[in-house]
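Chain by chain, the residues run as shown.
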Amino acid sequence: MSRGNTCITRTMKPYQKLTQPSACRLEEEGAAPAPASHGKLAPCWVGSGLLVAAVLLSAVTVWVLQQVSVGWPRPTLPPKCLLVPESYRFDCYPERHVVVTQQLCESRGCCFIESPPPAGDKRGVPWCFYPPDFPSYTLESLNQTALGMVGLLMRREKAYYPRDIEMLRLDVEFETDTRLHIKITDAANPRYEVPLEVPRAMKKAENPIYSLDFSWDPFGVVLRRRATGMVLLNTTVAPLIFADQFLQISTSLPSKFLYGLGEHRGPLLHSMDWSTLTLWARDVSPTESFNLYGAHPFYLLMEESGDAHGVFLLNSNAMEVALQPAPGLTWRTIGGVLDFYIFLGPDPNMVIQQYQQVIGFPAMPPFWALGFHLCRWGYGSSNETWQTVRAMRNYQIPQDAQWNDIDYMDGYRDFTFDSQKFASLPSLVEDLHKHGQHYVMILDPGISSTNPNGSYWPFDEGLRRGLFLNTTQGQTLIGQVWPGFTAFADFSNPDTHQWWLENLQRFHAHVPFDGLWIDMNEPSNFMDGSEEGCPPGELDSPPYTPAVLGDSLSAKTVCASAKQKASVHYNLHNLYGLMEAKATASALIQIRGKRPFVISRSTFSSQGRYSGHWLGDNRSQWKDMYYSIPGLLSFSLFGIPLVGADICGFSGSTSEELCTRWMQLGAFYPFARNHNTQNEKAQDPTVFSPAARTAMKDVLLTRYSLLPFLYTLFHRAHLQGDTVARPLFFEFPQDVTTLGLDRQFLWGRSLLVTPVLDPGVDSVTGYVPRGTWYDFYTGSSMNSSGEMVKMSAPLDRLNLHIREGAILPTQKPGTTSEATRRNPLCLIVALSSSDTAWGDLFWDDGESLDTFEQGSYSYVVFNVTQNIFTSTILHASAEATEVTIGTLSILGVREPPSKVLLNGQEKPFSYLDNQVLTVSDLGLSLNQGFSVQWL
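These lines cover the structure that appears in this document, whether it is placed above or below. Residue numbers restart at each chain and count upward from 1, following the sequence in its written direction. The predicted nature of this model means local features are confined to residues of pLDDT at least 70 and side-chain atom pairs, given and counted, to a pLDDT of 80 or more, with totals for whole chains, interfaces and linings taken over all residues. Heavy atoms from the whole structure form the basis of all side-chain values; hydrogens and water molecules are not counted.

Only DSSP runs of H or I with at least four residues qualify as helices, and only runs of E with at least two residues qualify as strands; both kinds are numbered from the N terminus onward. By this rule the span expected of a helix is its residue count minus one, scaled by 1.5 Å. Under the 1.5 Å per step criterion, the end-to-end length of helix α14 (residues 707–720) is 20 Å for 14 residues, consistent within 8% with the ideal 20 Å. Relative accessibility decides the category of a residue: with a 1.4 Å probe and only protein chains considered, values under 20% of the type maximum give buried, values over 50% give exposed, and everything between is partly exposed. By the criterion of burial, α14 is predominantly enclosed, with eleven of the 14 residues buried. Of the residues making up α14, those classed as buried are L707, P708, F709, L710, Y711, T712, L713, F714, H715, A717 and H718. Positive backbone phi, approximately 85°, marks G721, located one or two places after α14.

On to the sheet that holds strand β25 (residues 484–488), then. One bridge is not enough; two strands pair if DSSP finds at least two bridges between them. Ordered by their spatial adjacency, three strands build an open sheet running β23-β25-β24, and the pairing between neighbours is antiparallel. Each edge of the open sheet carries a strand with a single partner, namely β23 (446–448) and β24 (479–481). This sheet shows a mean twist of 60° between the axes of neighbouring strands, independent of strand direction. Axis definition: a line fitted to C-alpha atoms, over the contacting stretch in the case of helices. Angles run 0 to 180 degrees between N-to-C directions.

What counts as a disulfide here is a pair of cysteine sulfur atoms lying within 2.5 Å. Within the structure shown, the criterion is met by five disulfides. Between the sulfur atoms of C92 and its disulfide partner C110 the distance amounts to 2.1 Å. Its S-S torsion of about 70° marks the bond between C92 and C110 as right-handed, since a negative value means left-handed. Taken together, the residues span a long stretch of sequence, with C92 in the loop between α2 (79–82) and α3 (102–107) and C110 in the loop between α3 and β2 (111–112) at a distance of 18 residues. Paired by a disulfide, C648 and C659 hold their sulfur atoms 2.0 Å apart. Taking the torsion about the S-S bond as the criterion, the C648 to C659 disulfide, at about 85°, is right-handed. Within this pair, whereas C648 is found in the loop between β30 (646–647) and α12 (656–666), its partner C659 is found in helix α12, the two being separated by eleven residues in sequence. Exposure remark for C648: the relative accessible area of 0% places this residue in the buried category. C659 gets classed as buried once you look at its relative accessible area, which sits at 0%. Within the protein, bonded cysteines paired by disulfides and numbered along the sequence follow the pattern 1-5, 2-4, 3-6, 7-8, 9-10. We note that C375 lacks a disulfide partner, and the nearest cysteine sulfur, in C648, lies 13 Å from it.

Before going further, it helps to spend a moment on the packing of helix α7 (residues 457–465) against helix α8 (residues 494–508). For the pair α7 and α8, the least separation of the axes is 11 Å and the interaxial angle reads 160°. When the axes of α7 and α8 are compared, the pair comes out roughly antiparallel. For the crossing formed where α7 meets α8, the hand is right-handed. Contact residues: W457, P458, E461, G462 and R465 in α7; Q498, W499, E502, N503 and R506 in α8. In this classification, the charged set is Asp, Glu, Lys and Arg, the nonpolar set is Ala, Val, Leu, Ile, Met, Phe, Trp, Tyr, Cys and Pro, and all remaining amino acids, among them Gly, are polar. Class assignment of the residues belonging to the contact of α7 with α8 gives a composition of three nonpolar, three polar and four charged. Between 65 and 115 degrees an angle is taken as roughly perpendicular, under 35 as roughly parallel, over 145 as roughly antiparallel, and anywhere else as oblique. Two helices crossing with the near one rotated counterclockwise from the far one by less than a right angle form a left-handed crossing, whereas a clockwise rotation gives a right-handed crossing. Note on contacts: a residue pair is in contact if any heavy atoms of the two residues lie within 4.5 Å.

What follows is the structure, given as structure tokens:
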């Protein structure tokens, strides 16, 4: 065993925070460790032992005095329980809707101390918590392997959930210098594991930036960052429990700055004040504290030093993550294995890249996907849909895609359209295509099951091939969704993907759609379980149910016991949306031969490879607009950069002011779609007053001008896992003020978006990190020391600022992305205080598959040093010859130049008092390197 990576603490009975175990006894290279019960106390724990003894003695004294002062008959509290500080009390009785009594608690062998109840619906300090000596696993052996080590864990005393697993296998792999893989599973029997393709390390990391120590008895892992010595994980703080349907492991955390763990509605920064986050895909309008549509068991944590690390638990079962003020965290899941990946960064951007190296990088979207999308439920007819498209064209408001919700269908049945109300749908789609626009329609996974035999091919054929979820009795499980009684496609079965493709091919022959919107794929069910309920048993009624909305795994979904090809739904539920997205993206590629565009409601880790996401059925309220920002930033962390919320709100009726402000914010969602429910007034830009309509049009034109920059950001996301929409702390990790900011965000490194999120105001206060920032519209500079700044924000203005040192490729905007692509480029240079700047541009045909992988692209790097701008072609393709560079604007040129040279030849220029130098009419091909010098 490598001395460098592993330090084994022989005995360490009390669960406690670790100090530096520099003197911990190390096992000799290759030696088989002795059983824990025979080991001596490691030298570094002697001091700790004396300390514990002293604290114990004082606790006993306090306890005795208390008993004397109040009389002896009261129930006595063991002194060991008094040792545990409130913030370190790890919950021994997490069951909801149970009044935890002292008797119930002590039946589990735990400590019981009542605490004052917290305000609101918070859990508060647990009354029932683990004592320091609660039985856990011991590490019986640890042996070196080619990639790390393998160990055996033994539990000698049963815990309190059924089917405790006595012997566990521990696998540790030092996969890269910044990635550690720790897996704990049943040593004797195979268990369900998530069918996700993950990279396999071929050799052990040579210079890991982390070190790993073990506690022997009780078993625990302690992970440190080598550079700072910071303890990132310490699982000795509470016992490990590994029963068949209850797996729990806790850790202390190095700070309270924790993000991720989706999908939930709330601030970007999680509260560590006894909050519980449940991961179980559920159809419910986004509401604080509810488990929502997707499951992402990954967190990012910012350390006090400004370093960052991330932890991913590769587990798809129903799960909850409990946070407490220690700070500490408990993972609780009811199936599978404990399969952890830890990413060491050290900066937050790198953590997210390392996470995506495991789950997969997001797909490159088609260029048109980054345009403006318009939808509503309740157009009522294809003609009314068409009228909206024409009105948008009439006002010359940019639009790339028109969508329809379920009202296009015949009786809400998939793969049909209403032959009366939507008779002109094929003509509408043809017209969209003629105008360089695209059509997207909704699909649900629930397939109508009540049609006369032979009249509805999707159900008849799915039934014939056995492609639906089944009950435990082997019958098709029938639930209820929009068309009435439905069966649910089993996307864990590869044969279902073929059937899905065939259905889509048949429909595409009539209505040649360009993208697909997959909804209701948690899967959603209007009844609990099925038309017959769910059978008794431990899948539908497990020994422990996490804090799911509805208190049942089958609430508004199918039975957990439902049979699928790959496993039972109990294991696969959180993967349903991912598996449908995979089938849908694959079908689109085969049908259109181009990059697929899929937007899914339910998501799981690795979803970005197949689809984007919208944040669900929000409301037309100001707070919903605010919550969309932490929502889209969280999905950036989850590797799903193509994300946005329903602009102006889905349910309820918007106001002109709210919709104007929301269109301004939504123009900077990576995925920008205005969507509305039925029976509410229209909220597309054409229905508002001229002033509001103009403000909406202007901000969309701004978005379209930035499409080359946005597209390049998506290329970087696809290539290496960069985020597109980015929290401020990603770029300023040393600036503590940024750690809680979620009312602003960045595009990439360099474009700061500060929206108005409140009614009735004409200014907005935003944080401007240290440095020089330039107003996007005027080019005027602002120097900040890292401060809150009040900015003018009349109803027609969204505040945008460019960070010093950036070069943004922009384009004269058209009313579609296709028209915009043909226009000249304008390069905006924002000089740094040292008069340098850098930027890049990725360009291809915008829709072909794998252009980067096949070399069919251009990649250009822009650079400024010493008053010389250079454009360097690193890779060229035919598409870029059609694009010209028209204008170069350089912000922050402190002295008026006497002349400007383009490739050595003098060129006319303009220079404004706000230090903006502009050189126009360049007329250069993008595929041509060039230089501009100002003297």
